[in-house]
Amino acid sequence: MSLFKARDWWSTVLGEKEEFDQGCLCLADVDNTGNGQGDGAQAEDLLLEVHLRDPILQVEVGKFVSGTEMLHLAVLHSRKLCVYSVSGSLGNVEHGTQYQIKLMYEHNLQRTACNMTYGSFGGVKGRDLICIQSMDGMLMVFEQESYAFGRFLPGSLLPGPLAYSSRTDSFITVSSCRQVESYKYQVLAFATDADKRQETEQQKLGSGKRLVVDWTLNIGEQALDICIVSFNQSASSVFVLGERNFFCLKDNGQIRFMKKLDCSPSCFLPYCSVSEGTINTLIGNHNNMLHIYQDVTLKWATQLPHIPVAVRVGCLHDLKGVIVTLSDDGHLQCSYLGTDPSLFQAPKVESRELNYDELDIELKELQKIIKDVNKSQGVWPMTEREDDLKVSAVVSPNFDSVTQSTDVEVGADLVPSVTVKVTLQNRVTLQKIRLSVYVQPPLVLTCDQFTFEFMAPEMTRTVGFSVYLKGSYLPSELEGNAVVSYSRPTGIPRVSQCKFRLPLKLICLPGQPSKTASHKLTIDTNKSPVSLLSLFPGFANQSEDDQVNVMGFRFLGGSRVTLLASKTSQRYRIQSEQFEDLWLITNELIIRLQEYFEKQGIKDFACSFSGSVPLQEYFELIDHHFELRINGEKLEELLSERAVQFRAIQRRLLTRFKDKTPAPLQHLDTLLDGTYKQVISLADAVEENQDNLFQSFTRLKSATHLVILLIGLWQKLSADQIAVLEAAFLPLQQDTQELGWEETVDAAISHLLKTCLSKSSKEQALNLSSQLSIPKDTSRLKKRITLLCDRLAKGGRLCLSTDAAAPQTMVMPGGCATIPESDLEERSVEQDSTELFTNHKHLIVETPIAEVSPLQGVSE
């Protein structure tokens, strides 16, 4: 911000809802009075206002009428050029001088105009010619009342700013190639006519001349405006305002100087300087600032009330150096540079001596009041937020009569769908209410976004949607989440959420129990076994013996899980061919057991796990997921190489096709076709790998949930400790190449090992890497997971509070070893951990369930 503001001399607003550009401002003695001001006119007087039917692109004042050297007004429309005469006549009443505008002549344009420039083209004396540039790059020259000629600029794509240099008799513009180009007027006059753009036979024989550029300069950016400055006959300068720089060029196109601008410019105007050999430049920018440069040195900065799109300097009412600016919405201001700063000055206060003893007593009283308030009701009122909006979700107990599943990839099974209804009830008027519903893939929703307007309090809205399984693999969870974001009447944003649980039968069917399985888990309880039929109604056929102790589950994806309950040993076994498939049934079993005993009024029910934590099977899923990530990186790198090769061959072929002399293709077309097929096949391979990676990540999340559950049952972890494990092992909802599961979990577990599970203060001093990148392999991650389980087995406590950073002294029951303090001890721990967390795929407790057929029941 500038210290000084432009001092407002006079300002007004032009038109209503009009738009203005740099060509809409012209400062000249248009009525030819010679004194630069109307007779007896005041600055705020409107001398003339005329409504023209067509939009105005640019206005200029010059000697445009033959037979006279008086100034006339040229107005450029999109398809017309009009030249007017402005004159004033003395009135006979108190209104004073009256001004009239008279059309002298007009030219109808065959092409849409962009801008124009004027000057004494070809060195003519006493008159000005006009050159109009069209939107397609054609220069049309008018010798006052007659049309002279038109020429197309070579290689023109988009028109740029146009200016005329009288000293070199040339037109200067900036092409779409971002280079300044200069064309001699004589070359334009004798070049081929614009109506004959194609080379004719006469041109090939030598008649006519080709339009050749005089000089070019690449400035590397588009130009906003061009201005030619010549304050003496010996030299002139070409000023070009770019998007980030402004340039001063010599007549031959050499750079005299350039200046990099700090802000995006909007307009500029070079004018004469009081110092010999220098030029002053006014540059307006989009920060409402006007900078004055002497060559490249900033001499003054002033603030404007608007963003200027055009700026001029003139003499008004004998006041020299008036700066006239125009904004795009019609704010016209005449101002001057002053040194009277507009600063706020605080009023003087009465000085009095301070009694510091009284201030200390007052401060202590205020601190006591603040402390009492914080103790009684807290810092923030939390009650209002929960009462503003109540969100509830209800899952239908029955499937939809007509399934809503479409485009499923499950197989031959009929995929059911279930309806979920979410109800919103507001207490006060709320705004911008948006409901978003999330479920775990491959579960999908028929609609997941809803918007509401609660214009009055105590309103109730209910929306319904269906959920079904779309993919051929299992979701990692059956829990959904409904999140509502809204704004309170005071404008404060709030978020409320409600979770709902989908039924197991949505993704699972009754199946035949399996006698053998590759992966088995045994869950211990402290209560008598419960009939599986009462736990899972609808998943077993009713038999004479209602103590059903074997039950089979078949998921819609095709995998099978078998559940066995012991009649006397208070144990349950879950077995399957896929390790990750054990998770949903195991979790569902524990939840239904807890609900069953709660209904019975039993509150001390507990589950435990005394087997070996299945880390080896878990590590196999980690390796498979990591292998797909590495494969994806290789495929993308190879695809990038083939794409570069494809574009290089295209450029070679394009060069051959453009060559006027035919040349053999040298099998470039065959190479292009082969490369194209490789690009397509690699793109298909990348998509297939991404699908496989997404499925692998979902299976990895299921296995992670199972491992966390088993660790919690094994070490009897509290809910807070399990939440810490879930935050460390499940930090991502989506896996990407830039940020993947392996490096994120590795950093989280490393943090736990160096804080709450640290061996000593030396480990706490180690800092984690600030940048996560994909590791070379998973050996370090697997080592840290094993070490985490080992330290939990030896009494480690998971906690994220600050007091957990101190090294823990753990007393182990049964003579367990303490956490090692040296590297040799750590290596021995890793060996013990390898023995502790078995590699066997049959994960059974030390005292196994009876060696009978699983289908014949389970007994001790």
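Shown above is the structure to which this text applies.
Structure report, in brief. Throughout this document, residue positions are counted from 1 along each chain, in the order its sequence is written. Selection of residues for local features in this predicted model requires a pLDDT of at least 70, selection of side-chain atom pairs for listing and counting requires 80 or more, and totals for whole chains, interfaces and linings are taken over all residues. No hydrogens and no water enter the side-chain calculation; it runs on all heavy atoms of the structure.

## Comments concerning the side chain of Asn587
Link 1 in the chain: Inspection of the secondary structure puts Asn587 in helix H6 (residues 582–599).
Link 2 in the chain: The exposure class assigned to Asn587 is buried, which follows from its relative accessible area of 16%.
Link 3 in the chain: We call two residues in contact whenever any of their non-hydrogen atoms come within 4.5 Å of each other. In contact with Asn587, not counting residues within four places along its chain, are Arg501 and Leu709. The way it works is that DSSP assigns letters per residue, a run of H or I at least four long becomes a helix, a run of E at least two long becomes a strand, and they are numbered from the N terminus. Exposure categories follow from relative accessible area, calculated using a 1.4 Å probe and restricted to protein chains: below 20% of the type maximum is buried, above 50% is exposed, and the middle band is partly exposed.

## Section: the pattern of salt bridges
Link 1 in the chain: Here a salt bridge means any side-chain nitrogen of Lys or Arg lying within 4 Å of a carboxyl oxygen belonging to Asp or Glu. Under the defined criterion, the tally for this structure stands at 18 salt bridges.
Link 2 in the chain: Note that Arg629 and Glu742 form a salt bridge whose closest N and O atoms lie 2.7 Å from each other. Of this pair, Arg629 sits in helix H7 (residues 615–658) while Glu742 sits in helix H10 (residues 741–754), and the two are 113 residues apart along the sequence.
Link 3 in the chain: Taking relative accessible area as the criterion, Arg629 reaches 0% and is therefore assigned buried.
Link 4 in the chain: In this structure Glu742 comes out as buried when scored by relative accessible area, which is 1%.
Link 5 in the chain: Here the salt bridges do not stand alone but share partners, grouping Arg501, Glu588 and Arg592 into one network.

## Things to note about the sheet that holds strand E7 (residues 129–134)
Link 1 in the chain: Paired strands are those between which DSSP finds at least two bridges. Strand order in the open sheet formed by four strands is E6-E7-E8-E9, and the pairing between neighbours is antiparallel. Looking at the sheet topology across the chains shown, the edges are occupied by strand E6 (113–119) and strand E9 (146–152). For this sheet, the mean angle separating the axes of adjacent strands, direction not counted, is 20°.
Link 2 in the chain: Examined bridge by bridge, strand E8 (residues 138–143) and E9 share six bridges and lie antiparallel to one another. Across the sheet, Leu139 pairs through a bridge with Arg151, a residue of E9. For helices, the axis comes from a line fit to the C-alpha atoms of the stretch in contact; other axes are also lines fit to C-alpha atoms, and the angle between any two N-to-C directions lies between 0 and 180 degrees.

## Topic: helix H12 (residues 779–793)
Link 1 in the chain: By this rule the span expected of a helix is its residue count minus one, scaled by 1.5 Å. Here H12 is 15 residues long and its end C-alpha atoms lie 21 Å apart, about the 21 Å a rise of 1.5 Å per residue gives.
Link 2 in the chain: Taken together, the buried positions of H12 are occupied by Leu781, Arg784, Ile785, Thr786, Leu787, Leu788, Cys789, Asp790, Arg791 and Leu792.
Link 3 in the chain: The first or second residue beyond H12 is Gly795, which carries a positive phi of 100°.

## Details of the environment of Cys114
Link 1 in the chain: Within the secondary structure, Cys114 is located in strand E6.
Link 2 in the chain: Expressed as a C-alpha distance, the spacing of Cys114 and Ile132, which sit 18 residues apart in the sequence, is 7.5 Å.
Link 3 in the chain: Among all residues touching Cys114, those that are not within four sequence positions of it are Leu57, Gln133, Ser134, Met135 and Pro159.

## Side note on the sheet that holds strand E27 (residues 430–438)
Whenever strands of a sheet pair, they do so through backbone hydrogen bonds, lying parallel or antiparallel.
Link 1 in the chain: Sheet architecture is open: four strands sit in the order E29-E27-E31-E32, paired in antiparallel fashion. The open sheet is flanked by strand E29 (449–454) and strand E32 (493–501), the only strands paired with a single partner. Averaged over neighbouring strand pairs, the angle between their axes works out to 20° when direction is ignored.

## Observations regarding the packing of helix H8 (residues 668–715) against helix H9 (residues 719–729)
Link 1 in the chain: It is at 10 Å that the axes of H8 and H9 come closest, and there the two elements cross at 155°. Relative to H9, the element H8 is oriented roughly antiparallel. Taken as a pair, H8 and H9 cross one another with a handedness that is right-handed. Taken together, the residues of H9 that come into contact with H8 (itself represented by Thr704, Ile708, Ile711 and Gly712) are Ile722, Leu725, Glu726 and Phe729. Angles below 35 degrees are treated as roughly parallel, those above 145 as roughly antiparallel, those between 65 and 115 as roughly perpendicular, and all remaining angles as oblique. Note on convention: the crossing is left-handed when the near helix lies turned anticlockwise from the far helix by less than a right angle, right-handed when the turn is clockwise.

## Examining the pairing of strand E2 (residues 56–62)
One face of the sheet, then the other: side chains in a regular strand alternate in exactly this way.
Link 1 in the chain: Burial within E2 is extensive, with five of its seven residues counted as buried.
Link 2 in the chain: Sheet topology note: the E2/strand E3 (residues 72–77) ladder contains six bridges and is antiparallel. By the bridge assignment for E3, Gln58 is matched with Leu76.

## Some thoughts on the packing of aromatic side chains
Link 1 in the chain: Between rings of Phe, Tyr and Trp, where Trp is taken as its six-membered ring, a pair exists when centres lie within 6.5 Å; planes separated by under 30 degrees are stacked, by over 60 edge-to-face, and by other angles tilted. In the structure shown here, the tally under the stated rule is 21 aromatic pairs.
Link 2 in the chain: The interplanar angle of 55° and the centroid separation of 5.8 Å between the aromatic rings of Phe246 and Tyr293 together place this pair among those described as tilted. With a gap of 47 residues between them, Phe246 in strand E16 (residues 245–249) and Tyr293 in strand E20 (residues 289–294) connect regions that are remote in the sequence. The pair formed by Phe246 and Tyr293 is uniform in burial state, with each residue classed as buried.
Link 3 in the chain: With 6.4 Å between their ring centres and 85° between their planes, Phe536 and Phe539 make a pair best called edge-to-face. Considered together, Phe536 and Phe539 belong to a single accessibility category, that of buried residues.

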